[in-house]
Amino acid sequence: MAKLHKSKLNVLTTLMKQVIATVCGIVLPRVLIGAFGSVVYGATTSIAQFLSYISLLEGGIGRVARGALYEPLAKGDKVQVSRIHRAIRSFFLKIAGIFLIYTLVIAFFYHDIAKVTFFDRPFTFGLVVAISLSTMANYLGGISDLTLMNADQKQYLTNTVMTVTNIANMLLVVILVWSGANILVVKLATALIFVTRRIFYTGYVRHHYRLHKVNADGYKLEQRWTGMGQHVAFFLHTNTDIILLTLFADLETVAVYSVYYLVVRSIWDISSSFSGGMEAKFGELIARNQKDALHRSYRKYGMMLTLVALVLFGCTGVLIVPFVKLYTAGIMDANYIQPVFALMLLLAEAMNCLVLPYATLPISANQLKQSRWGSYGEAMINVGLSLILIQWNPLLGVAIGTLAATIYKSLFYMNYTAKHILNSNIWHIIWRFLGAITVLLMVSCVGMTALWNVNMENFFVWAMYAAVTCLLTSIVAMLFGLVVYPMEIKVIARDILSKALRNNK
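Residues numbered from 1 in each chain as written. Predicted model: local features only at pLDDT ≥ 70, side-chain atom pairs only at ≥ 80, totals over all residues. Heavy atoms only, no water.

Visitor: How should I be thinking about the overall build of the chain in this particular structure?
Guide: The secondary structure content of the chain amounts to 18 helices and zero strands. Across the 505 residues of the chain, 56% fall into the buried class. A separation of at least 24 residues holds for 85% of the contacts in the chain among residues at least 6 apart in sequence. With the model as given, the accessible surface of the chain reaches about 22,500 Å², and the carbon-plus-sulfur share is 67%. (Helix = DSSP H or I, 4+ residues; strand = E, 2+ residues; numbered from the N terminus. Buried < 20%, exposed > 50% of the residue type's maximum accessible area, 1.4 Å probe, protein only. Contact = heavy atoms within 4.5 Å. Areas by Shrake-Rupley, 256 points an atom, 1.4 Å probe, with all protein chains shown as cover.)

Visitor: Is there a simple way to explain the environment of Q155 in this structure?
Guide: Counting through the fold element by element, Q155 comes out in helix α6 (residues 155-178). Judged by its relative accessible area of 19%, Q155 is buried. Residues Q155 and L9 lie 146 residues apart in sequence; the distance between their C-alpha atoms is 8.4 Å.

Visitor: Mind showing me how you'd approach the packing of helix α11 (residues 291-327) against helix α12 (residues 339-354) here?
Guide: Helix-helix packing is characterised by the crossing angle of the two axes and by the distance between the axes. Closest axis-to-axis distance for the α11/α12 pair is 10 Å, and the angle between their directions is 170°. It follows from the interaxial angle that α11 and α12 lie roughly antiparallel. Here L305, T306, A309, F313, T316, G317, I320 and V321 of α11 come into contact with α12, specifically with P339, A342, L346, E349, A350, C353 and L354. Looking at the contact of α11 with α12, its residues break down into eleven nonpolar, three polar and one charged. (Axes fitted to C-alpha atoms, helices over the stretch in contact; angles between N-to-C directions. Parallel < 35°, antiparallel > 145°, perpendicular 65-115°, else oblique. Nonpolar A, V, L, I, M, F, W, Y, C, P; charged D, E, K, R; others polar.)

Visitor: I would appreciate a short explanation of the side chain of T13 in the present structure.
Guide: By the secondary structure assignment, T13 is in helix α1 (residues 2-36). Take T13: its relative accessible area is 8%, and that puts it in the buried class. Separated by 3.1 Å, the side chains of T13 and N159 make a polar contact. (Polar contact = N/O pair within 3.5 Å; in protein donor to acceptor, adjacent residues only side chain to side chain.)

Visitor: Sorry if this is basic, but what is going on with the pattern of salt bridges here?
Guide: Pairing of side chains with opposite charge becomes possible as their charged atoms draw close. What the rule picks out here adds up to four salt bridges. Note that R265 is salt-bridged to D269, the shortest N-O span being 3.9 Å. Note that R265 and D269 are positioned in helix α9 (residues 251-272) at a spacing of four residues, about one turn of the helix. You'll find R265 and D269 in the same group, each marked buried. With a closest N to O distance of 3.1 Å, E349 and R265 form a salt bridge. Separated by 84 residues along the polypeptide, E349 in helix α12 and R265 in helix α9 bring together distant segments of the chain. (Salt bridge = Lys/Arg side-chain N within 4 Å of Asp/Glu carboxyl O.)

Visitor: What is the right way to look at the side chain of T306 in this model?
Guide: Within the secondary structure layout, T306 lies in helix α11. Only 3.2 Å separates the side chain of T306 from the side chain of Y485, close enough to count as a polar contact. In contact with T306, other than residues within four places in its own chain, are L354, A436, F480 and Y485.

Visitor: I tried to follow α12 on my own but got confused; where do I start?
Guide: Each full turn of the α-helix corresponds to 3.6 residues, which orients residues three or four apart in the same direction. When the terminal C-alpha atoms of α12 are compared, their 22 Å separation across 16 residues agrees well with the 22 Å that a helix rising 1.5 Å per residue should span. A large share of α12 lies buried, amounting to 13 of its 16 residues. (Expected span 1.5 Å × (residues − 1).)

Visitor: Would you explain the packing of helix α16 (residues 426-451) against helix α17 (residues 459-484) in this entry?
Guide: For the pair α16 and α17, the least separation of the axes is 11 Å and the interaxial angle reads 155°. The angle between the axes of α16 and α17 places the two elements in the roughly antiparallel class. As α16 runs across α17, the sense of the crossing is right-handed. Facing α16, whose interface residues are W431, R432, G435, A436, V439, V443 and L451, α17 presents Y465, T473, V476, F480 and V484. (Left-handed = near helix turned anticlockwise from the far one by under 90°.)

Visitor: Would you take a moment to explain a nonpolar patch on the surface for this structure?
Guide: The grouping of L100, I101, L104, V105, F108, F109, I113, F125, L247, F248 and L387 at the surface amounts to a nonpolar patch, some 970 Å² of accessible area in total. Broken down by element, the nonpolar patch gets its largest block of residues, seven residues, from helix α4 (residues 78-113). As for its position among the elements, F108 is in helix α4. F108 gets classed as partly exposed once you look at its relative accessible area, which sits at 46%. (Patch = residues over 30% accessible without salt bridge, like charges linked within 9 Å, V, L, I, M, F, W, Y side chains within 5 Å.)

Visitor: Before we go on, may I ask you to explain the packing of aromatic side chains in this structure?
Guide: Aromatic rings in a pair are described by how distant their centres are and how their planes are angled relative to each other. Under the defined criterion, the tally for this structure stands at 15 aromatic pairs. The interplanar angle of 70° and the centroid separation of 6.2 Å between the aromatic rings of F200 and Y201 together place this pair among those described as edge-to-face. Taking the relative accessible area as the measure of exposure, F200 reaches 33% and is therefore partly exposed. For Y201, a relative accessible area of 3% translates into the label buried. On the numbers, 5.4 Å between centres and 25° between planes, the contact of F323 with Y327 is stacked. A residue pair is termed a helical-turn pair when its members lie 3 or 4 positions apart in one helix, as F323 and Y327 do in helix α11 at four residues. Residues F323 and Y327 agree in their burial class; the two are buried. (Phe/Tyr/Trp six-rings, centres within 6.5 Å; stacked < 30°, edge-to-face > 60°.)

Visitor: When you look at the environment of F118 in this model, what are you seeing that I'm missing?
Guide: Note on placement: F118 falls in the loop between α4 and α5 (121-151). Spatially, the C-alpha atom of F118 lies 7.9 Å from that of V40, the residues being 78 residues apart in sequence. Ignoring anything within four residues of it in the chain, the contact list for F118 reads V39, V40, A43 and L251.

Visitor: Any chance you could explain the environment of N458 here in plain terms?
Guide: Note on placement: N458 falls in the loop between α16 and α17. Judged by its relative accessible area of 34%, N458 is partly exposed. Note: C-alpha distance between N458 and Y327 (131 residues apart in sequence) is 9.6 Å. A polar atom in the side chain of N458 sits 3.1 Å from the backbone nitrogen of F460. For N458, the side chain forms a polar contact with the main-chain nitrogen of V461, separated by 2.9 Å.

Here you go:
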């Protein structure tokens, strides 16, 4: 019961974190664009993406470490847990030193790379350094402690900390902008807020786990290098587009991409929050060799994630362009109305969400090496196709590259998981997946067409349309669930009914 309670708490707090993050993510860009313009906002987004490239040196160590931690945590082996934690911490301290040098290089050259004309060189240098501070804090201990807590299914704690700091950051940024602070002061304040996360994680790990002072010399995380493939693929999926747009387009295009990606990625975050703790739960069941329980959990998470994704991404497909029209009203320095780009980006992130249970199981089973070509192939397709098509159309080019890579990734992981972990029928899995994508595409296209000429004067009117859209999309998703997941829905309905009857006695 305690395990079940922890799992539900992880899902609830993950959902809370993502909702708050979405609200903050919607408010802050509008505040910053309104105060400083699309070009400045595009520059800050671009700088953050350039700095994130140092994470390629992480080599997927976080995923590999989580996979290695599940078994010793399940067995209560504190010595092994301490050794793995020390190895992670030592690795990231080295990354911190490299990151410091990399930051200084970017700070010195970014003014020329992005052809900045609105700031002088010293100001640009300071802006890069300010944006880098929170990442530096993570490398100085935050990531190792966070990895241990998440592997131990303590996501409810990390989610709460992230929620509180996100709210504090949003309030502070709004106050600073209203008081007339420049973008450098705003970004410096943001970095200092997020540094507090690292302080909490370190304090909790020291107090709760009381790790042994073991020597990690000679210890190597298995599959460390094969973990790099999945890490690189995820990084390219979330970062490469902005870098390519910075180099081959302009900062106005970066701002347009960032606004749409913000909305779509926020929906992905909220959808995936319903599977909060899924990887750790799968890892525990696999470590204990509880195959029947693994299959039940997989089916439950898969159905829940699919139905939630259909509702949220379906609503987003219908409402995203009207939302962006209102969101960027009065901003005339870039063309933010991009319906075809929005639909392609939406489909890519929806697929990325729907395939999550299949992509998670190899990590939980510590089979990164065996499944490495799913990530390698995704990375090569994403970069290669985007580089070719960006010359034709910057926004559509990077969106098509991402979509094609995600299709490959989805097919690979569904096939691998069905054959090597679940021993399930691959065609049954693909049929469900394609059915969900087809329904999503139909809902998005029909809804987007129906609302194209509707004039929504304010967000209240938009909210009225959103409520109706959500109701209709929920009905469609439920009908889809009854057709595709009849047994799973029957089991859940029976469990709910049995629980209700017990409570009434």
